[in-house]
Amino acid sequence: IESFNVVIPDTVVTIYNRAFYYNDKITKLVLGKNVEHIGNLAFTGCTKLSTITFNDKLKSIGQAAFKDCDFTSIKLPETVQSLSDLCFAFNYNLDYCYIGKNCMEFGRNIFSEVLYPALMMQRKIQIHPVQSSTCGLSDYNAQDSIRAP
């Protein structure tokens, strides 16, 4: 099998820690309508995972849940309240990420190794203005590239 899509059933509420850890065959992920929590390291190392369809109930994304994937764009639903440490780290091709105003808990280095200072100005991270320093983006001294929704 070269690659495949994963569709999480509607009966699932939590995707557990390491559920698809280092599965390099997944290219697309569709969350079932009742998934509220994505566990730590759930999709870490899914290096071909480039597309995700979120639902309108997702509340939290665990530590390093999508570390070392291949996203170019992420639009989180407004229901997301918490992003844990390193949740989108090492997504080298990430050019766009939308984080809504309801997300108030940010772990450390959620975009580690993604937002290099030299490249930051070319990327668009949409985040509520109050949250920008909380999620560590101010460390990059490139606030001009942060766009409020």
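Here, every reference points to the structure presented above.
Fair warning: this is a prediction, and the values are worked out from it, not measured in the lab. (Residues numbered from 1 in each chain as written. Predicted model: local features only at pLDDT ≥ 70, side-chain atom pairs only at ≥ 80, totals over all residues. Heavy atoms only, no water.)

J.: Explanation requested: the sheet that holds strand β8 (residues 82–83) in the structure shown.
T.: Hydrogen bonds between backbone atoms are what pair the strands of a sheet, whose relative direction is either parallel or antiparallel. Reading across from one edge, β2-β4-β6-β8-β10 is the order of the five strands in this open sheet, with parallel pairing throughout. In the strand order of this sheet, the two ends are held by β2 (14–15) and β10 (105–106), each with one partner. Both β8 and β10 contribute to a ladder of two bridges, which runs parallel. Bridge assignment links Ser82 to a residue of β10, and that residue is Glu105. (Pairing = 2+ DSSP bridges. Helix = DSSP H or I, 4+ residues; strand = E, 2+ residues; numbered from the N terminus.)

J.: For this particular structure, what's the right way to read the pattern of salt bridges?
T.: Pairing is possible between side chains of opposite charge, provided their charged atoms come close. Under the criterion given, the structure shown has two salt bridges. Salt-bridge contacts for Lys25 lead to Asp24; the nearest nitrogen and oxygen are separated by 4.0 Å. Overall, the relative accessible area of 30% leaves Lys25 in the partly exposed class. Asp24 sits in the partly exposed class, given a relative accessible area of 36%. The salt bridge partner of Lys59 is Glu36, with a shortest N-O separation of 3.7 Å. Of this pair, Lys59 sits in the loop between β5 (51–53) and β6 (60–61) while Glu36 sits in the loop between β3 (26–30) and β4 (37–38), placing them 23 residues apart in sequence. Here Lys59 falls in the partly exposed class, since its relative accessible area comes to 34%. (Salt bridge = Lys/Arg side-chain N within 4 Å of Asp/Glu carboxyl O. Buried < 20%, exposed > 50% of the residue type's maximum accessible area, 1.4 Å probe, protein only.)

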